[in-house]
Amino acid sequence: WDNADFSRGVGTTFYQEFTTLNTAKPPFVRDVEAKVRRYLRSSYSAAWTLKITWEKAPAYAARTDTQRTSTYQAVLTTDGFRSYVLMLYQEGGMRWDYTRLPATNVLIGYT
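Please read all numbers here as calculations on a predicted model, not as lab measurements.

### Structural notes on the overall build of the chain
Now for step 1: Helices and strands together make up the secondary structure of the chain, namely one helix and four strands.
Now for step 2: Along the chain, helices and strands appear, N-terminal first, in the series β-α-β-β-β.
Now for step 3: In the chain, the share of contacts with a sequence separation of at least 24, taken over all contacts with a separation of at least 6, comes to 60%.
Now for step 4: Surface accessibility of the chain: about 7500 Å² in total, with carbon and sulfur atoms responsible for 51%.

Shown next, in the form of structure tokens:
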């Protein structure tokens, strides 16, 4: 997500924090827990979750293309001992034209 460019006034970033230790869990957190359990085949109960959404984000450098935007999310969650990140992309994946980016060796994900 460090190659998104909001300098032209296109796109928005939102975040929402869910502290769920000793509280009722909203449907979004229950869905995150279910995904972690399914993907890792282990028990998991979230104590804290953060959802970050980049909506209609243009690729860097936005001066070259503000029409091909992408919407994606990172969901960080922890039970206090283990932490996970879910990377969620709009239908069809990233819509940036990677051939117009300064570097064309593009990867989706994190390290």
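### With respect to helix 1 (residues 27-40)
Now for step 1: In this model helix 1 runs 20 Å from its N-terminal to its C-terminal C-alpha over 14 residues, within 8% of the 20 Å that 1.5 Å per residue would give.
Now for step 2: Taken together, the buried positions of helix 1 are Val29, Val32, Glu33, Lys35 and Val36. Axial view of helix 1: buried residues confined to an arc of 160°, hence all on one face. Within helix 1, the exposed residues directed more than 90 degrees away from the buried face are Pro27 and Arg38.
Now for step 3: Check the buried side of helix 1 and you find it contacts strand 1 (12-19), strand 2 (48-58), strand 3 (69-78) and strand 4 (83-89).

### Let's talk about the side chain of Thr20
Now for step 1: Counting through the fold element by element, Thr20 comes out in the loop between strand 1 and helix 1.
Now for step 2: Judged by its relative accessible area of 4%, Thr20 is buried.
Now for step 3: Contacts of Thr20, omitting those with residues within four sequence positions, involve Lys25, Pro26, Val29, Ala46, Ala47 and Trp48.

Each value, and the rule that gives it
Residues numbered from 1 in each chain as written. Predicted model: local features only at pLDDT ≥ 70, side-chain atom pairs only at ≥ 80, totals over all residues. Heavy atoms only, no water. Helix = DSSP H or I, 4+ residues; strand = E, 2+ residues; numbered from the N terminus. Contact = heavy atoms within 4.5 Å. Areas by Shrake-Rupley, 256 points an atom, 1.4 Å probe, with all protein chains shown as cover. Expected span 1.5 Å × (residues − 1). Buried < 20%, exposed > 50% of the residue type's maximum accessible area, 1.4 Å probe, protein only. Arc of directions from axis to C-beta.

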